[in-house]
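Per-entry structural report
Residues per chain are reported as follows:
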Amino acid sequence: VQLQAFGGGSVQAGGSLMLSCAASGRTFSHYYMGWFRQAPGKEREFVANIGWSSGSTNYADSVKGRFTISRDKANNTVSLQMDSLKPEDTAVYYCATVYAGFDRNFQSPAAYDYWGQGTLVTVSS
């Protein structure tokens, strides 16, 4: 499994960015795709996830209403639309995936087996 995240950059507070994650190496029918982020000096934290087959989504409270996760089955990509960005959203963002049949907490980074390389998002005030 290979995941490649892209789309990061610098934006002013209130702006928008879209991150994408290209997934390859297998079919992801029964997988969760997640986005996580890690700010300097902080632990990696959950942002959002989506069931590849069901399309069901979950969001961290800190991004609910501002971020939208989606998947494109035809192109094997998962996107994270980030609106109303805040300086506290500044972090390296990672996409990750895991088989959904495991009995795991899918909002925990520890649950995920495959990770992309990360893309930096910087939000200035």
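See the structure above.
Residues numbered from 1 in each chain as written. Predicted model: local features only at pLDDT ≥ 70, side-chain atom pairs only at ≥ 80, totals over all residues. Heavy atoms only, no water.

Another point: the state of the cysteines. Cysteine pairs can be linked by a disulfide, which is a covalent bond between their two sulfur atoms. With the rule as written, the count across this model stands at one disulfide. Each sulfur in the disulfide pair Cys21 and Cys95 lies 2.1 Å from the other. In this structure, the disulfide formed by Cys21 and Cys95 twists by about 65 degrees around the S-S bond and is classed as right-handed. Taken together, the positions of Cys21 in strand E3 (residues 17-24) and Cys95 in strand E9 (residues 91-99) put the pair 74 residues apart, joining distant regions of the chain. No difference in accessibility class separates Cys21 from Cys95, as the two residues are buried. (Disulfide = S-S within 2.5 Å. Helix = DSSP H or I, 4+ residues; strand = E, 2+ residues; numbered from the N terminus. Buried < 20%, exposed > 50% of the residue type's maximum accessible area, 1.4 Å probe, protein only.)

Once that is clear, we can look at the sheet that holds E3. Strands sit in the order E1-E3-E8-E7 across an open sheet of four strands; the sheet is antiparallel. Either end of the sheet is taken by a strand with one partner, and the two such strands are strand E1 (2-6) and strand E7 (67-72). Strand-to-strand, the axes of this sheet are offset by a mean angle of 15 degrees, without reference to chain direction. Pairing geometry for E1 and E3, over five bridges, is antiparallel. Its bridge partner being in E3, Gln2 is matched across the sheet by Ser24. (Pairing = 2+ DSSP bridges. Axes fitted to C-alpha atoms, helices over the stretch in contact; angles between N-to-C directions.)

Within the structure shown, the criterion is met by five salt bridges. For the salt bridge of Glu45 with Arg37, the shortest nitrogen-to-oxygen distance reads 2.6 Å. Accessibility expressed as a relative area gives 35% for Glu45, which makes it partly exposed. The partner of Asp113 in a salt bridge is Arg104, and the shortest N-O contact between them spans 3.1 Å. One salt-bridge network, held together by shared partners, links Arg37, Glu45, Arg66 and Asp89. (Salt bridge = Lys/Arg side-chain N within 4 Å of Asp/Glu carboxyl O.)

Among the nonpolar cores identified, the biggest contains 38 residues, and Trp35, Leu80, Met82 and Tyr93 are the most heavily contacted of them. If you list the elements that add at least two residues to this core, you get E1, E3, strand E4 (31-38), strand E5 (45-51), E7, strand E8 (77-82), E9 and strand E11 (119-124). (Core = buried A, V, L, I, M, F, W, Y, C linked by side-chain atoms within 4.5 Å.)

Let's shift gears to unusual backbone geometry. Even without a glycine there, the phi angle at Asn76 is positive, about 55 degrees. Inspection of the secondary structure puts Asn76 in the loop between E7 and E8. If you check the backbone angles, Ser84 has positive phi at about 50 degrees while not being a glycine. Along the polypeptide, Ser84 turns up in the loop between E8 and E9.

For E5, the tally of buried residues reaches six of seven residues, placing the bulk of the element in the interior. In this sheet, E5 lies alongside E4 in antiparallel orientation, the contact comprising six bridges. Within E5, the residue paired with Gly34 across the bridge is Asn49. Counting the residues in the hairpin turn of E4 and E5 gives six residues, including Gly41, whose phi is positive at 75 degrees.

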